[in-house]
Amino acid sequence: MFFPSSPFEKRTFNHQTFYLKRDDLLDKDFSGNKARKFHYFLNHDFPHIQRVVSSGSNQSNAMYSLSVLARLKGWEFIYVCDHIPRFLKENPIGNYKEALTNGMNIIESQTREEEVLRWLDAKSLHVNEGGRQKEAEEGVKILANELLADIQTHAISNPYLFLPSGTGTTALFLQKYLPFPVFTCNTVGDSAYLQKQWKMVVPDLTHLPTILETKHKYHYGKLYIELYVLWQRLRNEMGVEFDLLYDPVGWSALLEHLPLLDGTPIYLHQGGILGNASMLQRYVRKANML
Ligand SMILES: *Cc1c(COP(=O)(O)O)cnc(C)c1O
């Protein structure tokens, strides 16, 4: 299963030109960042594998994408998370709901690592939280080659790429294959965390992305009214819905540094829209409490 190249578009925001690489439109079921990172698993045969095992948060995009992968491959999908709120169990929404529809077997455990180990055998494939692994390189390399073709088609001079990072795996492999600067920001932890993640994926890579720090520090998954307002402005001015977890942090980092960056900005839209339902629900509940 190979995806056709994702769309590449010219947009204006805040009186500035941005090119958008729309990986959110890659495929209806298997879209965005995780489609690139799980490309390897989707496109190779694993004749001995009957089960995929992973762990992470109860609304993770990786969890949903793995549920699609497992369904397509006919594998059992075991997903371990440390807590599922009762409210979510009674009112399934977003990635959680869709992953369950795809047949995910979700297990709540206070000792996540041990629980994962319990399910691993010769017929199981283990996928790291968030898809932080070497196998991501194959799909991300395809994305890099698409970008090079897009840049040529649109005759863009002096391009640079920006994308927000979680584990940083995508930014790392993009910088490996792109001959121009890749900028990113951390949404989880700080710069030191991101650098540590990079070392874990590829210990000897020297050509690393550049991290843009924001003045204001945002905590992963927390709600910030100013980020919600920025998300709305992006949607209204560009007609594009971004993800509410990574993108508003990404755009605020990019906008903060934009005057100092030389060249034509390209923003990578990495999908994750399915997760917006639960984020919006949380924003509504927060607003009602104010
Ligand atoms: C997973 C994800 C990211 C982070 O990707 P990393 O390779 O872990 O940095 C960013 N945006 C979206 C929408 C994602 O689903």
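The model shown is predicted, which means the values in this text are computed figures rather than measured ones.

As for its position among the elements, Asn186 is in strand E8 (residues 182–186). A relative accessible area of 15% means that Asn186 is categorised as buried. Through-space distance from the C-alpha of Asn186 to that of Asn288 is 30 Å; in sequence the pair is 102 residues apart. Excluding residues within four positions of it along the chain, Asn186 makes contact with Ser165, Ser191, Leu194, Ile211 and Val249.

So, about the site of the ligand. Taken together, 14 residues are adjacent to the ligand, and Lys34, Lys37, Asn61, Thr167 and Thr170 come closest. Thr167 places a side-chain nitrogen or oxygen 2.6 Å from an oxygen atom of the ligand. Contact with the protein chains covers 98% of the free accessible surface of the ligand, which is 390 Å². Breaking the shell around the ligand down by element, the ones donating at least two residues are helix H1 (32–37) and helix H8 (169–177). With three residues, the top contributor of residues to the shell around the ligand is H1.

What follows deals with the pattern of salt bridges. Under the defined criterion, the tally for this structure stands at 20 salt bridges. Residue Asp23 is joined to Arg36 by a salt bridge in which the shortest nitrogen-to-oxygen separation is 2.8 Å. Note that Asp23 is positioned in the loop between strand E2 (16–22) and H1 and Arg36 in helix H1, a separation of 13 residues in sequence. Judged on exposure class, the residue Asp23 and its partner Arg36 are both buried. Via salt bridges that share partners, Lys21, Asp23, Arg36, Glu146 and Asp150 belong to a single interconnected network.

According to the domain assignment, the chain contains domain 1 (8–31 + 135–289) and domain 2 (39–126). On a C-alpha basis, the centroid separation for the pair domain 1 and domain 2 is 25 Å. The interface is formed by 14 residues belonging to domain 1 together with 17 residues belonging to domain 2. The largest share of the area that domain 1 buries against domain 2 comes from Phe30, Glu138 and Leu274, three residues that together contribute 40% of it. Along the contact surface separating domain 1 from domain 2 lie one salt bridge. A salt bridge links Arg71 to Asp29; the shortest N-O distance between them is 3.8 Å. For the pair domain 1 and domain 2, the interface holds one residue pair in polar contact (both at pLDDT 80 or more). Mapped onto the side of domain 1 that touches domain 2, the elements with two or more residues apiece are helix H7 (136–153) and helix H12 (276–289). In terms of residues, the side of domain 1 that touches domain 2 owes the most to one element, H12, which gives four residues.

Rules used in this analysis
- Residues numbered from 1 in each chain as written.
- Predicted model: local features only at pLDDT ≥ 70, side-chain atom pairs only at ≥ 80, totals over all residues.
- Heavy atoms only, no water.
- Helix = DSSP H or I, 4+ residues; strand = E, 2+ residues; numbered from the N terminus.
- Buried < 20%, exposed > 50% of the residue type's maximum accessible area, 1.4 Å probe, protein only.
- Contact = heavy atoms within 4.5 Å.
- Near = heavy atom within 4 Å.
- Polar contact = N/O pair within 3.5 Å; in protein donor to acceptor, adjacent residues only side chain to side chain.
- Areas by Shrake-Rupley, 256 points an atom, 1.4 Å probe, with all protein chains shown as cover.
- Salt bridge = Lys/Arg side-chain N within 4 Å of Asp/Glu carboxyl O.
- Domains from an automatic or database assignment.
- Buried area = accessible area lost by both parts, 1.4 Å probe.

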